Amino acid sequence: MTHVAILGGGLAGLATAFELQRSDHTFDLYEASDRFGGKVWSSLVGDRMVDAGADTFLARVPQGRALCEQLGLADQLTSPVAPVPAYIHRSGALHELPKGTVLGVPTDLDELAASGLISAQGLAEVAAEPTRPPTDLGGDISVGAYFRERLGDEVTERLIDPMIGGINASDIDRLSLRSAAPQIAAAAQGHVSILEGLRAARASVGATLGSAGPGADEPVFYGLPGGTARIIDALVAVLDARSLHLGASPTLDGLGADRVVIATPAPAASRLLAEVSPTASRLLAEIQYSSVAQVSVEFEAQAVTPHLDASGILFPRVDGMVLTACTWFSTKWAHYQRADRVLLRLTSGRFGDTRALDLGDEALVNRLLTEVQCVLDITAEPTALRVHRWIDALPQYVPGHADRVEAIFAALGADAPHITLAGAAYRGIGIPATIASAWTAAQAVRT
Ligand SMILES: Cc1cc2nc3c(=O)[nH]c(=O)nc-3n(C[C@H](O)[C@H](O)[C@H](O)COP(=O)(O)OP(=O)(O)OC[C@H]3O[C@@H](n4cnc5c(N)ncnc54)[C@H](O)[C@@H]3O)c2cc1C
């Protein structure tokens with residue numbers, strides 16, 4: 001039996017270990033910090049555990065639900081209950097996310113017009129999209145470059161940036177269409193008009209594109225009462241405790257393993273591989289990260305108006321605010337609802353914008369609460385709050401990312417075939433994609 005060393009005890013490392021344990025392979029997992037889970041974590045806000053990082057995951061990528069099934073959590077999966085998916089902020093007003101929007105791309109022009117979010121000029125630019133010549137995708141293109149050309153700047157900055165840019169804490173003008181929005185890239189490959197491509201895809205697969213199609217009853221997102229970190233707790237509970245090592249960051253020498261899975265963020269993987277695969281190490285070092293600061297904050301219910309009827313508000317970068325999103329946790333999720341309290345999460349920080357991270361905790365909280373009051377009336381102090389700083393947390397998939405990843409795996413395969421990589425740095429940042437990377441890594445070291 002192969003004995004495997006796993007470096008990194010986030011979701012990728014733990015899911016790799018579970019997959020190996022399920023097939024009777026032995027492993028030792030080393031986590032540098034004093035807790036497992038990495039970016040999947042819950043923390044105490046007031047008297048309840050609240051998601052500090054990921055609060056949800058996509059249903060259409062099957063590995064998230066599949067792992068929950070294996071861990072006995074599937075019957076507890078839940079979906080957002082907010083009556084309105086989200087609002088977009090513009091000039092102190094809230095505009096409902098137009099129905100038919102796929103990752104920020106408006107496929108229904110009547111709904112877009114009704115939202116009041118876009119000017120007449122902007123609407124005309126979107127309406128003209130099907131008549132425009134094909135956009136040269138080259139090997140890859142940025143999300144911003146592609147949509148500015150196809151739909152114009154206004155809808156790109158007011159809708160696509162807060163959705164795709166927000167999910168990745170990115171600058172959409174430096175974000176790969178192919179790697180960060182593969183379903184849109186696929187539609188763009190098959191159609192000259194992205195609007196027609198997405199309408200065709202919606203008609204055939206509906207909810208699987210990340211926006212419920214007409215009549216679709218499949219869930220788009222999942223969450224877990226108590227937080228997505230329950231996946232981490234369940235993994236740690238089921239794994240052989242003697243094989244789990246906290247506060248341990250060994251080098252590759254002397255691991256005493258036949259195979260190695262490096263499931264750390266890319267910079268740590270780069271350092272680990274400096275000697276054994278200089279090419280892979282150099283390419284890994286080129287993967288950049290963005291940092292995010294979040295404030296989970298609870299108020300007495302009557303202290304916040306208007307009535308919160310959506311999962312939250314997105315704040316486009318073009319508005320110049322530090323705030324990028326305000327998630328209305330106590331509306332979005334049944335498990336955070338409580339008659340006497342509202343629970344919000346204020347998010348800030350994007351690639352190339354460190355203003356929030358440069359502030360101390362008190363200044364950060366004040367700044368985010370001040371900014372959100374352009375749309376919310378808050379009349380009392382919080383009953384509880386908690387600041388989370390996620391430094392160098394979200395890998396940035398710049399144009400050409402997929403080719404870089406292929407080159408990393410090829411170099412590593414040639415230099416050190418007993419070592420492989422797993423985690424969010426490579427082929428998808430979300431929870432299901434991270435699990436998929438773990439399963440691929442487990443398969444690679446088993447054979
Ligand atoms: C604020 C935030 C919100 C998010 N929201 C969502 C969401 O709603 N939905 C979604 O699907 N995804 C979301 N994500 C993304 C998702 O949570 C992450 O991409 C995923 O959890 C990454 O898992 P990972 O195991 O690859 O990396 P990590 O979680 O970074 O784990 C890597 C681990 O390796 C350890 N490590 C580092 N160096 C070493 C070393 N030398 N030796 C040993 N251990 C080491 C680290 O301490 C860490 O525990 C979010 C991410 C963030 C930051």
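Given the structure is predicted, the values throughout are model-derived calculations rather than measurements.

A. A look at the sheet that holds strand S13 (residues 289-300). If you trace the 7 strands from one edge of the open sheet to the other, you get S7-S6-S15-S16-S17-S13-S19, paired in mixed fashion. Taken across any chain shown, the strands that pair with only one partner, and hence form the sheet edges, are strand S7 (93-96) and strand S19 (384-395). Strand after strand, the sheet turns through a mean of 25 degrees between neighbouring axes, direction not considered. As judged from the 4 bridges shared by strand S6 (residues 87-90) and S7, these two strands associate in the antiparallel manner.

B. Spatial organisation of helix H15 (residues 401-415). Taking 1.5 Å of rise per residue, the 15 residues of H15 would be expected to cover 21 Å, and the 21 Å separating its terminal C-alpha atoms lies within 8% of that figure. Tucked inside the fold, the buried residues of H15 contact helix H7 (177-180), helix H12 (278-285) and strand S20 (419-421).

C. Region of interest: the environment of His95. Mapped onto the elements, His95 comes out in strand S7. Among the residues examined, His95 registers a relative accessible area of 13% and is labelled buried. With 23 residues separating them in the primary sequence, His95 and Ile118 have C-alpha atoms 9.7 Å apart. Leave out the neighbours within four places in its chain, and His95 touches Ala86, Tyr87, Ile88, Arg90, Ser115, Gly116 and Leu117. Of the polar contacts made by the side chain of His95, one reaches the backbone oxygen of Ser115; its length is 2.8 Å. A distance of 3.4 Å separates a polar side-chain atom of His95 from the backbone oxygen of Gly116.

D. Molecular detail of the domain arrangement of the chain. The domains assigned to the chain are domain 1 (3-38 + 229-287 + 397-446), domain 2 (101-205) and domain 3 (289-395). Domain 1 and domain 2 are separated by 34 Å when their C-alpha centres are compared. Counting from both sides, the interface comprises 8 residues of domain 1 and, opposite them, 11 residues of domain 2. For Arg178, the salt bridge identified is with Asp403, shortest N-O distance 3.5 Å. Here domain 1 is connected to domain 2 by 2 residue pairs in polar contact (both at pLDDT 80 or more). Grouping the constituent residues of the side of domain 1 that touches domain 2 by class yields 5 nonpolar, 2 polar and 1 charged.

E. Up close: the packing of helix H1 (residues 11-22) against helix H16 (residues 431-446). Axis separation between H1 and H16 bottoms out at 8 Å; the angle between their running directions is 45 degrees. Looking at the two axes, H1 sits oblique to H16. Here the hand of the crossing between H1 and H16 comes out right-handed. Here H1 contributes Leu11, Ala12, Ala15, Thr16, Glu19 and Leu20 to the contact with H16, which in turn contributes Ile431, Thr434, Ile435, Ser437, Ala438, Trp439, Ala442, Val445 and Arg446. Classifying every residue of the contact of H1 with H16 by side-chain character gives 10 nonpolar, 3 polar and 2 charged.

F. The arrangement of the environment of Trp328 in detail. By secondary structure assignment, the location of Trp328 is in the loop between strand S16 (323-327) and helix H13 (329-332). Overall, Trp328 belongs to the buried group, its relative accessible area being 0%. Separated by 37 residues in sequence, Trp328 and Val365 place their C-alpha atoms 16 Å apart. With residues up to four places along the chain from it excluded, the contact list for Trp328 reads Tyr87, Leu94, Leu308, Asp309, Ala310, Ser311, Gly312, Ile313, Leu343, Leu344 and Leu376.

Thresholds applied
Residues numbered from 1 in each chain as written. Predicted model: local features only at pLDDT ≥ 70, side-chain atom pairs only at ≥ 80, totals over all residues. Heavy atoms only, no water. Pairing = 2+ DSSP bridges. Helix = DSSP H or I, 4+ residues; strand = E, 2+ residues; numbered from the N terminus. Axes fitted to C-alpha atoms, helices over the stretch in contact; angles between N-to-C directions. Expected span 1.5 Å × (residues − 1). Contact = heavy atoms within 4.5 Å. Buried < 20%, exposed > 50% of the residue type's maximum accessible area, 1.4 Å probe, protein only. Polar contact = N/O pair within 3.5 Å; in protein donor to acceptor, adjacent residues only side chain to side chain. Domains from an automatic or database assignment. Salt bridge = Lys/Arg side-chain N within 4 Å of Asp/Glu carboxyl O. Nonpolar A, V, L, I, M, F, W, Y, C, P; charged D, E, K, R; others polar. Parallel < 35°, antiparallel > 145°, perpendicular 65-115°, else oblique. Left-handed = near helix turned anticlockwise from the far one by under 90°.

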